[in-house]
Amino acid sequence: MAGLLGLGTVTSPKALFASSPRDVLVIGAGAAGLTAGYRLAQRGIKFRILEASSAYGGRMKRDVSFADFPVPLGAEWLHATPRVLNSIVGKRAKKLSIQTKGYKRDDGYGFWDGSVLTREKLGAQSDLKFVNSSWFDFFDAYIVPSVKRNISFQAPATAIDTSQERATVTTRSGEAYSADAVLVTVPLKMLQERRISFTPPLPKPKLSAIDRAVFWEGFKAFLEFEEPFYPTYTDVKVTPDEAGQHSFYDAAYGQNSRRNILGMFAVGRAARPYLGLSKAAVTRHILRELDEIFDGQATPRFRKIITQDWSGEPFIGGAYVQDHESWKRVRELGRPVGERLFFAGEAYTDGEDWGAVHDAALAAKRVVDQL
Ligand SMILES: Cc1cc2nc3c(=O)[nH]c(=O)nc-3n(C[C@H](O)[C@H](O)[C@H](O)COP(=O)(O)OP(=O)(O)OC[C@H]3O[C@@H](n4cnc5c(N)ncnc54)[C@H](O)[C@@H]3O)c2cc1C
């Protein structure tokens, strides 16, 4: 059904954004889209979030049945101080009851160079684990309640037209929505694959940044073992260094759990060997790798596995923008186009930092403040 479901009536161009837009369409319900909705709600601005899949959270997805703690299939660590959680929620927040845990210098660290496992101490680490919680649970508790009603699921945006007084977004089913402004938060891969058409076309510098930024492939797995045989964290050599990351780590670290859950994280070039394989094939592959690194200790202790192929997710298409991306390119990705089209999310920031949940959320917060 094609229709124009405006969220309000038409304004004169002069009045547009003299104060703030009266309504906003947010594309994507991940960390950035949810934060944007939350901040818009606080400011009394009408909004609708169009989400392509049937769930909110995007790359914060977690599983609650594999272990006795939430298993983060995407974002896992807090790569910032816990204060950032308060900045996402803002002043009006109820008191946060999220617990995090850091690593100890003496925790075990391993480095596998392809033939030898070197063991040492982990040393200083600033990343934090959520304790029996996750990025998803944080959003679910503090952000989602004020935006849930405004999310339309299974509504992938296919066209965005900002050439008229009111912006229009059309979804795959042909349904059309209009608002004063549109905020795009979809993973960069979606724009690289031209899944959304823009009228007028995006400016050349923006298109060039979209096409030249490297969006890493991504894969995660969690394996349960009868006993632990691994250090807290093990890095596997990736060549060249900046082409990705491949690690095995104690995923139950800091959790109130007696289960032995080993996480596997592979992004960039390192993820490629795992993509598109069947569960049986990927299990064999990982166990073979672990047996090689840890002298055959993995296979006899193996119980079960859960895997997440991010590159194969139809509305995500990978992990995140590479760590070594040019900050100028990221800044270009985050720049608004005209007065009605805005970008925020993991790949669309001010160029100071990118890739993490808090970067995506703070970018969305910044855009709403600018609006
Ligand atoms: C393997 C992996 C490990 C990670 N580890 C960490 C970590 O430890 N710590 C950390 O901070 N971050 C981590 N990240 C990054 C973090 O997950 C992301 O930065 C963050 O979740 C991105 O949020 P976002 O809102 O920008 O995008 P997303 O979460 O991708 O949300 C975008 C949403 O847009 C939807 N969408 C796509 N196309 C359309 C369309 N056409 N119309 C409507 N909706 C659409 C998608 O379905 C999705 O829900 C990791 C990511 C991966 C994949």
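Given the structure is predicted, the values throughout are model-derived calculations rather than measurements. (Residues numbered from 1 in each chain as written. Predicted model: local features only at pLDDT ≥ 70, side-chain atom pairs only at ≥ 80, totals over all residues.)

**Student:** In this structure, what is going on with the overall build of the protein chain? I would like to understand it.
**Tutor:** Counting secondary structure elements, the protein chain contains 9 helices and 22 strands. Here the C-alpha atoms of the protein chain give a radius of gyration of 21 Å, agreeing with the 21 Å that 2.2 N^0.38 yields for 371 residues. Each of the three principal axes of the protein chain carries a C-alpha extent, and together these read 70 × 40 × 40 Å. Per-residue burial for the protein chain yields a buried fraction of 44% across its 371 residues. At a minimum sequence separation of 6, the contacts of the protein chain that also span at least 24 residues come to 69%. (Helix = DSSP H or I, 4+ residues; strand = E, 2+ residues; numbered from the N terminus. Rg over C-alpha atoms; globule rule 2.2 N^0.38 Å. Buried ≥ 20, exposed ≤ 12 C-beta atoms within 10 Å, placed from the backbone. Contact = placed C-beta atoms within 7 Å.)

**Student:** Which parts of the structure should I look at to understand the pairing of strand 15 (residues 181-184)?
**Tutor:** Side-chain direction in a regular strand flips from residue to residue, so the side chains alternate between the two faces of the sheet. Burial along strand 15 is two-sided: Ala181 and Leu183 and Val182 and Val184, pointing in opposite directions, are all buried. Where strand 2 (residues 23-27) lies against strand 15, 4 bridges are found, and the strand directions are parallel. Pairing of Val24 across the sheet is with Ala181, part of strand 15. As judged from the 3 bridges shared by strand 15 and strand 22 (residues 341-343), these two strands associate in the parallel manner. Among the inter-strand pairings, Val182 is bridged to a residue of strand 22, identified as Leu341. (Pairing = 2+ DSSP bridges.)

**Student:** Would you mind showing me how to read the site of the ligand here?
**Tutor:** Surveying the vicinity of the ligand reveals 41 residues, the closest of which are Gly28, Gly30, Gly58, Gly345 and Ala356. Those elements that provide at least two residues to the shell around the ligand are helix 1 (31-42), strand 17 (218-225) and helix 9 (357-370). (Near = placed C-beta within 6 Å.)

**Student:** Help me out: how do you make sense of the sheet that holds strand 6 (residues 77-78) in this one?
**Tutor:** Adjacent strands of a sheet form backbone hydrogen bonds with each other and so pair up, either parallel or antiparallel. Taken together, 3 strands build an open sheet; the order of strands is 6-10-7 and the sheet is antiparallel. Two strands close off the open sheet at either side, each with one partner strand: strand 6 and strand 7 (100-102). In terms of strand pairing, strand 6 meets strand 10 (residues 128-130) through 2 bridges, oriented antiparallel. Following the sheet pairing, Leu78 is matched in strand 10 by Leu128.

**Student:** I'm lost on the sheet that holds strand 3 (residues 46-50) in this one. Help?
**Tutor:** Overall, parallel pairing links the 5 strands, which are arranged 11-3-2-15-22 in an open sheet. Each edge of the sheet is formed by a strand with only one pairing partner; in this case those strands are strand 11 (151-152) and strand 22. Inspection of the sheet shows strand 2 paired to strand 3 by 5 bridges, in the parallel sense. Bridge pairing in strand 3 links Val26 to Ile49.

**Student:** Got a minute to help me understand the environment of Leu40 in this structure?
**Tutor:** The topology assignment puts Leu40 in helix 1. As a C-alpha pair, Leu40 and Pro336 span 296 residues in sequence and 17 Å in three-dimensional space. Each residue touching Leu40, except ones within four places of it in the same chain, is listed here: Val24, Ile45, Phe47 and Val368.

**Student:** Before we go on, may I ask you to explain the pairing of strand 2 in this structure?
**Tutor:** Among the 5 residues of strand 2, 5 are classified as buried, and the element is accordingly described as predominantly covered. Across the two faces of strand 2 the burial is the same, with Asp23, Leu25 and Ile27 and Val24 and Val26 all buried.

**Student:** Would you take a moment to explain helix 3 (residues 135-142) for this structure?
**Tutor:** An α-helical segment advances 3.6 residues per turn. Residues three or four places apart therefore align on the same side. Along helix 3, the positions that sit buried rather than exposed are Trp135, Phe136, Phe138, Phe139 and Tyr142. Buried positions in helix 3, seen along its axis, are confined to an arc of 160° and lie on one side of it. Buried residues along helix 3 sit in contact with helix 1, strand 4 (62-63), strand 5 (71-72), helix 2 (83-89), strand 10 and helix 9. (Arc of directions from axis to C-beta.)

**Student:** Please clarify how unusual backbone geometry should be interpreted in this entry.
**Tutor:** In most cases, non-glycine residues show a negative phi, while peptide bonds are predominantly trans. Following Thr199, the chain continues to Pro200 via a peptide bond in cis, the omega torsion being -5°. Inspection of the secondary structure puts Pro200 in the loop between strand 16 (197-199) and helix 5 (204-212). With an omega dihedral of -15°, the bond running from Thr239 to Pro240 counts as a cis peptide bond. In this structure, Pro240 sits in the loop between strand 18 (233-236) and strand 19 (244-250). Here Gln154, not a glycine, exhibits a phi torsion of approximately 50°, which is positive.

**Student:** In this structure, what is going on with the domain arrangement of the protein chain? I would like to understand it.
**Tutor:** Interfaces are often sized by the amount of accessible area the parts lose when they come together. As assigned here, the protein chain comprises domain 1 (4-58 + 139-213 + 323-370) and domain 2 (103-131 + 218-309). In this structure, domain 1 and domain 2 have C-alpha centres spaced 35 Å apart. (Domains from an automatic or database assignment.)

**Student:** Explain the nonpolar core to me, please; I cannot follow it from the model alone.
**Tutor:** In globular proteins that are soluble, nonpolar side chains generally tend to be buried together. By size, the foremost hydrophobic cluster in this structure holds 106 residues, and its most contacted members are Leu25, Ile27, Val182, Leu183 and Ala344. When residues in this core are grouped by element, the largest group, 8 residues, is from helix 9. Lining this core are residues from two domains, each supplying at least three of them: domain 1 (4-58 + 139-213 + 323-370) and domain 2 (103-131 + 218-309). (Core = buried A, V, L, I, M, F, W, Y, C linked by C-beta atoms within 7 Å.)

**Student:** It is not clear to me how the packing of helix 5 against helix 8 (residues 327-334) should be interpreted in this structure. Could you clarify?
**Tutor:** The relative placement of two packed helices is expressed as an angle between their axes plus a distance between the axes. Running from N to C, helix 5 and helix 8 cross one another at 125°; their axes reach a closest spacing of 9 Å. Compared by their axis directions, helix 5 and helix 8 come out oblique. Relative to helix 8, helix 5 is oriented so that their crossing is left-handed. Residues Pro205, Lys206, Ala209, Ile210 and Arg212 of helix 5 form the contact with helix 8, whose own contacting residues are Arg329, Glu332 and Leu333. Considering only residue class, the contact of helix 5 with helix 8 consists of 4 nonpolar, no polar and 4 charged. (Axes fitted to C-alpha atoms, helices over the stretch in contact; angles between N-to-C directions. Parallel < 35°, antiparallel > 145°, perpendicular 65-115°, else oblique. Left-handed = near helix turned anticlockwise from the far one by under 90°. Nonpolar A, V, L, I, M, F, W, Y, C, P; charged D, E, K, R; others polar.)

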